[in-house]
Amino acid sequence: MKPVIITGDSHLGPIRRGLDLLPEGRRNRFVFWPLGKGAALRRKCHAFDAATLTLRTASRVWVDRVFSRETIGAMGSDTVLAVSLPLNTSRILRDYSWETYAPWHLAQAEFALSDQMVEAMIDGDSIHALNMVRNLARIWPRTAVIEAPRFFANASYLSRKRLDVIRHVDAAYRDRVRTMLAEAGIDVIPQPAATITDKGMTALSFDHHDPQDDHHANEAYGKLVLEEIGAYVDRLH
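So, how was this worked out
Residues numbered from 1 in each chain as written. Predicted model: local features only at pLDDT ≥ 70, side-chain atom pairs only at ≥ 80, totals over all residues. Heavy atoms only, no water. Pairing = 2+ DSSP bridges. Helix = DSSP H or I, 4+ residues; strand = E, 2+ residues; numbered from the N terminus. Axes fitted to C-alpha atoms, helices over the stretch in contact; angles between N-to-C directions. Parallel < 35°, antiparallel > 145°, perpendicular 65-115°, else oblique. Contact = heavy atoms within 4.5 Å. Nonpolar A, V, L, I, M, F, W, Y, C, P; charged D, E, K, R; others polar. Polar contact = N/O pair within 3.5 Å; in protein donor to acceptor, adjacent residues only side chain to side chain.

**Regarding the sheet that holds strand E5 (residues 66-68)**
In spatial order, the strands read E3-E4-E5; together these three strands make up an open sheet with antiparallel pairing. Either end of the sheet is taken by a strand with one partner, and the two such strands are strand E3 (46-49) and E5. Put simply, the sheet's adjacent strands are angled 15 degrees from each other on average, direction ignored. In this sheet, strand E4 (residues 54-57) lies alongside E3 in antiparallel orientation, the contact comprising four bridges. When the sheet's bridge partners are listed, Phe48 is paired in E4 with Leu55.

**Here's the deal with the packing of helix H1 (residues 12-19) against helix H6 (residues 219-235)**
Running from amino to carboxyl end, H1 crosses H6 at an angle of 80 degrees, the nearest separation of the two axes being 7 Å. By the angle between their directions, the pair H1 and H6 is classed as roughly perpendicular. When H1 is examined against H6, the residues Pro14, Ile15, Arg17, Gly18 and Leu19 are found in contact with a partner set consisting of Glu219, Gly222, Lys223, Val225 and Leu226. Taken together, the residues that form the contact of H1 with H6 break down as five nonpolar, two polar and three charged.

**Details of the sheet that holds strand E10 (residues 187-189)**
Ordered in space as E2-E1-E6-E9-E10, the five strands form an open sheet in which the pairing is parallel. The open sheet terminates on both sides in strands that have one partner only, identified here as strand E2 (30-34) and E10. Ignoring which end each strand starts from, the neighbouring axes of this sheet average 30 degrees apart. Bridge count between strand E1 (residues 4-8) and E2: five bridges; the pairing is parallel. When the sheet's bridge partners are listed, Ile5 is paired in E2 with Val31. Of the strands in this sheet, strand E6 (80-84) and strand E9 (143-146) are in contact with helix H4 (residues 115-139), which crosses E9 at around 150 degrees.

**Section: unusual backbone geometry**
Unlike most non-glycine residues, Leu53 shows phi in positive territory, near 50 degrees. Note that Leu53 resides in the loop between E3 and E4.

**Points about the side chain of Thr202**
For Thr202, the position within the fold is in the loop between E10 and H6. Of note is the side chain of Thr202, whose polar atom sits 2.6 Å from the backbone oxygen of Arg150. Setting aside anything within four residues of it in sequence, one finds Thr202 in contact with Pro149, Arg150, Phe151, Phe152, Gln191, Thr195, Thr197 and Tyr221.

**Some points on the environment of Phe48**
Mapped onto the elements of the fold, Phe48 is located in strand E3. Sequence separation of Phe48 and Met132 is 84 residues, and the distance between their C-alpha atoms is 8.3 Å. Once residues lying within four places of it in the same chain are set aside, the contact partners of Phe48 are Leu53, Thr54, Leu55, Asn135, Arg138 and Ile139.

The structure is reproduced here in C-alpha cells:
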C-alpha cells in the first residue's frame, strides 16, 4: 500500500480519531503532520525556497514543519501528501457579514454584491492556502487536497444568517477553489458522499460531540475520509 502523509488544519483532528475505527492492518499507511488552525491562513503562513524545493511553515500559531523531497520521501518514493487547507469554507461563512451583504440574485434587505465581488472575497480568503498547496505540489507532485466538511444545520451563525445565502457562498467557494486546484494539476479528495445531505450540508450524525463546535466533524466522519483517501491513493498508478 502506498503510504500517506496527512497534513493541514484542525480538520485533521476528526480524521486522526477516525484512524482508531479502521481495522488495524489498514492504519499503518497513514502518518499525521498537523499544522494548526485554519484561521492562521488570513495571512501567509509559509516560506518557499524554489532553489532547494523546501517549504517551511511560518506562523506563530502553527507547528514548525519542513516539507522537502527528503522529509516527504523518507516514507518512500510513492508516498502521497494529502493536505486539508484550501477547501475549508468555515472562515468565510462564520466571520463575514452575510446578514448585511448577499449575492445580488439573493439580496432582499441586504446590500447586493456582484458575482465579481463574491469571487474576490473567496480569492482573498483562499489565496494563502492555495499558494501553499501549489508550492507543496512543486516539491512533491503526489499532492492532493482533502475537502473539508460542508457546514452543519446547527451552526450557531445560521441563527442570524440566511440559509440560502450560506449555501450559495459555500458552493461558490468550493467550485472556485476546485477550479484553481485543477488548473494547477492538483487533485481533490472529496467529502464522502454519504455524509452530505440533499440540501448540501453535512449530516448531523457526523457532527462533533461538542455542541460549541460549529464546524468540525466526529470520528465516524474521519473514518470515512480515511477510506476516501485510501481509495484515491490506490487508484494512482
